[in-house]
Amino acid sequence: MSFLFGQKKKDPKEVMRENQRALKKTEREIEREGMQMKRQEQQILNDIKKAAKEGNMAVAKTLAKQLVRVREHSTRTTVMKAQVKGVGASMSVAASQGKMVESMGAAGVAIGAMNKQMDPMAMAKVISAPPP
């Protein structure tokens, strides 16, 4: 819709490149968040061990609940990353199919031009004529 306001309509290759770049950026952000979750999980484990060693079971229990939440979030992050990768793969497949359609169109034009140059009646005579 941006071409309605004076901007050029983007080339499909350019749009594909922009979308791939955005997906990779999202993937990196998700990966960063996953690493942060792992660090946080390790910190909570250390805190649980420390609280248990001191005999403070109420704090250890609360931290254990927090650990469960962090692990669930980590799992959701992993699933989200897989979905983003799936979207990237789908985009690649769509782009390759688009290229295939373009090449098939070009082949159709070439075949049409060839048919215009050939005379079907002359070809039928050549095919039906006995060999010399």
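Our subject is the structure that appears above.
Residues numbered from 1 in each chain as written. Predicted model: local features only at pLDDT ≥ 70, side-chain atom pairs only at ≥ 80, totals over all residues. Heavy atoms only, no water.

> I keep staring at the overall build of the protein chain and nothing clicks. Help me out?
Scanning the protein chain for helices and strands turns up three helices and zero strands. Taken against the 2.2 N^0.38 rule, which gives 14 Å for 132 residues, the C-alpha radius of gyration of the protein chain at 31 Å runs more than 25% over that of a compact globule. Taken over the C-alpha atoms alone, the protein chain extends approximately 105 × 50 × 15 Å along its principal axes. Restricting to contacts in the protein chain with at least 6 residues of sequence separation, those with at least 24 account for 70%. (Helix = DSSP H or I, 4+ residues; strand = E, 2+ residues; numbered from the N terminus. Rg over C-alpha atoms; globule rule 2.2 N^0.38 Å. Contact = heavy atoms within 4.5 Å.)

> Where do I start with the side chain of T77 in this structure?
The topology assignment puts T77 in helix α2 (residues 57-117). Judged by its relative accessible area of 3%, T77 falls in the buried class. If sequence neighbours within four positions are ignored, T77 has contacts with I30, E33 and G34. (Buried < 20%, exposed > 50% of the residue type's maximum accessible area, 1.4 Å probe, protein only.)

> Would you mind showing me how to read a positive patch on the surface here?
Side chains of K13, R17, R21 and K99 sit close together on the surface and give a patch of like positive charge. The dominant element in the positive patch, judged by the number of residues it contributes, is helix α1 (residues 12-54), at three residues. Positionally, K13 belongs in helix α1. (Patch = residues over 30% accessible without salt bridge, like charges linked within 9 Å, V, L, I, M, F, W, Y side chains within 5 Å. Areas by Shrake-Rupley, 256 points an atom, 1.4 Å probe, with all protein chains shown as cover. Salt bridge = Lys/Arg side-chain N within 4 Å of Asp/Glu carboxyl O. Lys, Arg positive; Asp, Glu negative; His and termini not counted. Charge placed at Lys NZ, Arg CZ, Asp CG, Glu CD.)

> Whenever I open this one, the nonpolar core confuses me. Can you help?
Across soluble globular proteins, nonpolar side chains have a tendency to be buried as a group. One finds M37, I44, I48, L63, L67 and V70 forming the largest nonpolar core, which totals six residues. Secondary-structure elements contributing two or more residues to this core are α1 and α2. If we skip the residues at most four places from it in the chain, L67 touches E41, I44, L45 and I48. (Core = buried A, V, L, I, M, F, W, Y, C linked by side-chain atoms within 4.5 Å.)

> I tried to follow the environment of H73 on my own but got confused; where do I start?
Considering the arrangement of structural elements, one finds H73 in helix α2. The class for H73 is partly exposed, based on a relative accessible area of 24%. For H73, the contacting residues outside a window of four places in its chain are E33 and M37.

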